[in-house]
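Each chain, written out:
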Amino acid sequence: MKTPHILSFGGGVNSVALMILLLRERLPFDGAVFADTGGELPETYAYLEIARDYLQKHGVPLTVVSKRGRTLYETAWERQVFPSAVWRWSTRDFKITPILRYYRSLGAGGHVNQYLAIAWDEIMRMKDSRVDYVTNLYPLIDRRITRAGCLELIKGVGLPPPPRSACYFCPFNSVDRWRWLFENHPELYEKAMALEEHSKHFPSQRLTDQAFRDRANIPLRSLADIFRKGEQLPVAPARDQQPCGAECLT
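One structure accompanies this document, and this report is about it. (Residues numbered from 1 in each chain as written. Predicted model: local features only at pLDDT ≥ 70, side-chain atom pairs only at ≥ 80, totals over all residues. Heavy atoms only, no water.)

So, the nonpolar core
Part 1 of the argument: In this structure, F169, W178, Y189 and L223 are the most contacted members of the largest nonpolar core, which totals 31 residues.
Part 2 of the argument: Going through the elements one at a time, α3 (72-79), α4 (89-105), α7 (175-184), α8 (186-198), α9 (209-212) and α10 (220-229) are the ones with two or more residues in this core.
Part 3 of the argument: Among all residues touching F169, those that are not within four sequence positions of it are G39, L72, Y73, P83, W178, A192, L195 and L207.
Part 4 of the argument: Of all hydrophobic cores here, the second largest spans 30 residues; its members include L18, L21, L62 and L159. (Core = buried A, V, L, I, M, F, W, Y, C linked by side-chain atoms within 4.5 Å. Buried < 20%, exposed > 50% of the residue type's maximum accessible area, 1.4 Å probe, protein only. Helix = DSSP H or I, 4+ residues; strand = E, 2+ residues; numbered from the N terminus. Contact = heavy atoms within 4.5 Å.)

Here's what the structure looks like:
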């Protein structure tokens, strides 16, 4: 039985570019899979349909999977925590595990070749699969295609660039990302703020900790006040941590 080649589709620039590359070069491409946490932005869900239509025109199915039961937000609320930038349980439970469950359902002798959309300038994120029935493949790295090159691939086929794919309450959100959410989706900002304040670790831990690092302790409610008043914000140092895995943010 043929080993399937599946694109782990994160909904962002890199995975859309890889989708285009796989089709353009006629590489083995049996399907794409997107893990839905239930907490994606409306723009991501809208772009998912654009990608689905594009793939369907080329005869490639897009499968959406999710963790059984509660959404990520509901789970975090029940546990009185928010997604951790250190432990990354949300990526494991709501992205990686549902995708691996889907791979196991495919049969094919139990093995899957998984395309991961890591660009050349993010080569440090490249890693082997953590399970023996999945082989990770990195066509963008093999071809030294950078993030800028990914945008060119998307532009070249006439598709709009996708929004950054991440949960609206992602602990890796930058200050600019929180500002964008505050201005464009105030109801989602309110939900993120409620989750932060509901956490049993609040106020010693905040959803903004990665945005400010050690420069300031500013929870989302205070950040909202700063946005309203147009006050100056402390500048965070360059981040030396990478965001969630390729299954999450590409």
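Quick look at the pattern of salt bridges
Part 1 of the argument: This structure, assessed with the given rule, holds 11 salt bridges.
Part 2 of the argument: Between E25 and R24 there is a salt bridge whose closest N-O contact spans 4.0 Å.
Part 3 of the argument: For E25, a relative accessible area of 33% gives the class partly exposed.
Part 4 of the argument: One salt bridge in this structure joins D209 and R206, with 2.9 Å as the shortest N-O distance.
Part 5 of the argument: Look at R206 and you get buried, because its relative accessible area is 11%.
Part 6 of the argument: When salt bridges that share partners are traced, they join R24, E25 and R143 into one network. (Salt bridge = Lys/Arg side-chain N within 4 Å of Asp/Glu carboxyl O.)

Shape is all these values report; function is a separate question.
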